[in-house]
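Here's the letter readout for the chains.
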Amino acid sequence: ADPAAPGEGKDSSPAASEASASACPLNGGGFNERHVLAQVLVQQGEDMLPAEQCLREAISMTLPSLRMLSRLLASRGEVLEASVYSAALEVLEPIGDNVWMHADLLARMNETDKALPRYEALLAANKDNAKLWNAYGVTLASHGKANEAVAALSKAVAMDATNEKYRVNLERVQAKVGSTATPGTEQATVGSGGPV
């Protein structure tokens, strides 16, 4: 029994009433129980909101497994399959780590036009992250935006001057800019021999 009197300590707004009416009616249990209950609710054909909420709760219980599977697949070089799971994670739980993982996988698949906006959104919230600036710079370089890449990689090196990888990436892009730029050229293309 709830010790609070009606109207005390509880949100009695219409939104709270609607949320509670659509909540998964299961207390406790895990993925399987929520999934089975959702199936029963759907078969009953009544209000679908509790079934939807049970499914959302079940899915949220699997997110750590999706994250781990995506990382495992990526580490084995199965980037396309890993990106399927990272895309689902990005939609289901759009937090920085999931967005970053998906951006990295997109960049590895040469879908830099999709990766760059994700990096930019992450940088807007994490301006002091050298590793993120490095990843963004490498992606810019592979997208043919060498001057922007130099600026991003310079920020990474300035934030972590002891990181050899950041310095090497910056030097490689600077060399490409110096060897391919002509007077008045804003950007130089960095080929497959570019940064890592």
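You'll find the structure just up there.
Treat the numbers as computed from the prediction; the structure is a model and nothing was measured.

**Re the overall build of the protein**
When helices and strands are counted, the protein shows nine helices and zero strands. Each helix and strand of the protein, placed in order from N terminus to C terminus, yields the pattern α-α-α-α-α-α-α-α-α. Counting all 196 residues of the protein, 33% fall into the buried class. For the protein, the share of sequence-separated contacts (at least 6 apart) that also reach a separation of at least 24 residues comes to 47%.

**Quick word on the packing of aromatic side chains**
The full count for this structure, using the stated rule, is two aromatic pairs. Judged by centre distance (6.1 Å) and plane angle (70°), the ring pair of tryptophan 133 and tyrosine 136 falls under edge-to-face. Of this pair, tryptophan 133 and tyrosine 136 are both found in helix α7 (residues 130–142), three residues apart, which corresponds to roughly one turn of the helix. The burial state of tryptophan 133 is the same as that of tyrosine 136; both residues are buried.

**Side note on the side chain of histidine 102**
Checked against the element boundaries, histidine 102 lands in helix α5 (residues 96–108). Its relative accessible area of 6% is what places histidine 102 among the buried residues. In contact with histidine 102, other than residues within four places in its own chain, are Ser83, Ser86, Ala87, Glu90 and Arg118.

**Here we look at the environment of isoleucine 59**
Inspection of the secondary structure puts isoleucine 59 in helix α3 (residues 49–75). Given the relative accessible area of 35%, isoleucine 59 is considered partly exposed.

**Here we look at the packing of α7 against helix α8 (residues 146–159)**
Two elements in contact, α7 and α8, have axes separated by 8 Å at closest approach and are oriented at 160°. Looking at the two axes, α7 sits roughly antiparallel to α8. Our pair here, α7 against α8, has a crossing hand that is left-handed. Touching Ala130, Trp133, Asn134, Tyr136, Gly137, Val138, Leu140 and Ala141 of α7 are Glu148, Ala149, Ala152, Leu153, Lys155, Ala156 and Met159, all from α8. Classifying every residue of the contact of α7 with α8 by side-chain character gives 11 nonpolar, two polar and two charged.

**Brief notes about the packing of α5 against α7**
As a packed pair, α5 and α7 sit with axes 10 Å apart at the nearest point and diverge in direction by 25°. Classified by the angle their axes make, α5 and α7 are roughly parallel. Taken as a pair, α5 and α7 cross one another with a handedness that is left-handed. On α7, the residues touching Trp100, Asp104 and Ala107 of α5 are Lys131, Leu132, Ala135 and Thr139. Per-class residue counts for the contact of α5 with α7 are four nonpolar, one polar and two charged.

**A short note on the pattern of salt bridges**
Counted under the stated rule, the structure contains eight salt bridges. For the salt bridge of arginine 167 with glutamate 164, the shortest nitrogen-to-oxygen distance reads 2.1 Å. With arginine 167 and glutamate 164 both in helix α9 (residues 164–180) and three residues apart, this pair spans about one turn of that helix. Among the residues examined, arginine 167 registers a relative accessible area of 28% and is labelled partly exposed. The class of glutamate 164 is partly exposed, set by a relative accessible area of 45%. The network of salt bridges with common partners includes Glu164, Arg167 and Glu171.

Thresholds, definitions, all that
- Residues numbered from 1 in each chain as written.
- Predicted model: local features only at pLDDT ≥ 70, side-chain atom pairs only at ≥ 80, totals over all residues.
- Heavy atoms only, no water.
- Helix = DSSP H or I, 4+ residues; strand = E, 2+ residues; numbered from the N terminus.
- Buried < 20%, exposed > 50% of the residue type's maximum accessible area, 1.4 Å probe, protein only.
- Contact = heavy atoms within 4.5 Å.
- Phe/Tyr/Trp six-rings, centres within 6.5 Å; stacked < 30°, edge-to-face > 60°.
- Axes fitted to C-alpha atoms, helices over the stretch in contact; angles between N-to-C directions.
- Parallel < 35°, antiparallel > 145°, perpendicular 65-115°, else oblique.
- Left-handed = near helix turned anticlockwise from the far one by under 90°.
- Nonpolar A, V, L, I, M, F, W, Y, C, P; charged D, E, K, R; others polar.
- Salt bridge = Lys/Arg side-chain N within 4 Å of Asp/Glu carboxyl O.

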